[in-house]
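Now for the letters of each chain:
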Amino acid sequence: MASLVLIDGPDQKKYLPLREGTVVVGRDESLPLQVLDQRVSRKHLRVRYDAASDAWLAQDLGSRHGTTVADKPLQGDQEHPLADRDRIALGDSTLIFTTRDFPSIESALTAFRQPGQREKQTLID
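One structure accompanies this document, and this report is about it. Worth saying up front: this structure is predicted, and the values here are computed from it rather than measured.

**Brief notes about the sheet that holds strand E4 (residues 33-34)**
Across a sheet, strands are paired by hydrogen bonds formed along the backbone, either parallel or antiparallel in direction. Strand order across the open sheet formed by five strands is E4-E3-E5-E6-E9, with mixed pairing between neighbours. For this open sheet the edge positions go to E4 and strand E9 (80-81), each flanked by a neighbour on one side alone. As judged from the two bridges shared by strand E3 (residues 22-26) and E4, these two strands associate in the parallel manner. Bridge assignment links Val25 to a residue of E4, and that residue is Leu33.

**Description of the sheet that holds strand E10 (residues 86-90)**
Spatially, the six strands line up as an open sheet ordered E2-E1-E11-E10-E7-E8, and their pairing is antiparallel. The strands lining the two open edges of the sheet, one partner per strand, are strand E2 (14-18) and strand E8 (72-73). With five bridges joining them, E10 and strand E11 (residues 93-98) adopt antiparallel strand pairing. What sits directly across from Ile88, in E11, is Leu95.

**A few points about the side chain of Asp28**
With respect to the helices, strands and loops of the structure, Asp28 is situated in the loop between E3 and E4. Put simply, Asp28 is tucked away with no salt bridge, and the nearest opposite charge, on Arg42, sits 4.9 Å away. Setting aside its immediate chain neighbours within four residues, Asp28 contacts Gln34 and Arg42.

**Some points on the nonpolar core**
One finds Leu18, Leu45 and Ile88 to be the most contacted residues of the largest nonpolar core, which totals 22 residues. Looking at this core, the elements with two or more residues in it are strand E1 (2-8), E2, E3, strand E5 (45-50), strand E6 (55-60), E10 and E11. Counting residues in each nonpolar core, the second largest holds eight residues, with Ile7, Tyr15, Ala108 and Phe112 among its members.

**Description of the pairing of E3**
Where burial is concerned, most of E3 is hidden: four out of the five residues are buried. The sheet contact formed by E3 and E5 spans four bridges and is antiparallel. If you follow Val25 over to E5, its bridge partner there is Leu45.

**With respect to the packing of aromatic side chains**
Using the criterion set out here, one finds four aromatic pairs in the structure. For the ring pair Tyr15 and Phe102, a centre distance of 5.9 Å and an interplane angle of 80° mean the geometry is edge-to-face. Placement of Tyr15 in strand E2 and of Phe102 in the loop between E11 and helix H1 (105-112) is noted, with a sequence separation of 87 residues between them. Among the residues examined, Tyr15 registers a relative accessible area of 16% and is labelled buried.

Definitions and cut-offs
Residues numbered from 1 in each chain as written. Predicted model: local features only at pLDDT ≥ 70, side-chain atom pairs only at ≥ 80, totals over all residues. Heavy atoms only, no water. Pairing = 2+ DSSP bridges. Helix = DSSP H or I, 4+ residues; strand = E, 2+ residues; numbered from the N terminus. Buried < 20%, exposed > 50% of the residue type's maximum accessible area, 1.4 Å probe, protein only. Lys, Arg positive; Asp, Glu negative; His and termini not counted. Salt bridge = Lys/Arg side-chain N within 4 Å of Asp/Glu carboxyl O. Contact = heavy atoms within 4.5 Å. Core = buried A, V, L, I, M, F, W, Y, C linked by side-chain atoms within 4.5 Å. Phe/Tyr/Trp six-rings, centres within 6.5 Å; stacked < 30°, edge-to-face > 60°.

Structure, rendered in structure tokens:
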């Protein structure tokens, strides 16, 4: 179907498979994709599937810091059609919208890792 992958920001490395319908993204703990970023509103972004146009649409929910899709700011109540691999910036975080589904978070992150980028290992004493 489609997916959102949180690839950058203070709360990165999250993955949400999308089903037909609507999903809200933000800091609120009740949301299916919670983004713990101080510049993200509790209910920041809505992504919904529109069956009539067979398209996924993104809408900023009146957030203080705004949302951009493919470096274009979302305006007011405007819904922006999403394309495969669109980058969605909210606060200090970046999501990737993809039309792909992945079997795990690891496979999703691997698909969007930048060339030469590696996982950093953290040593705990």
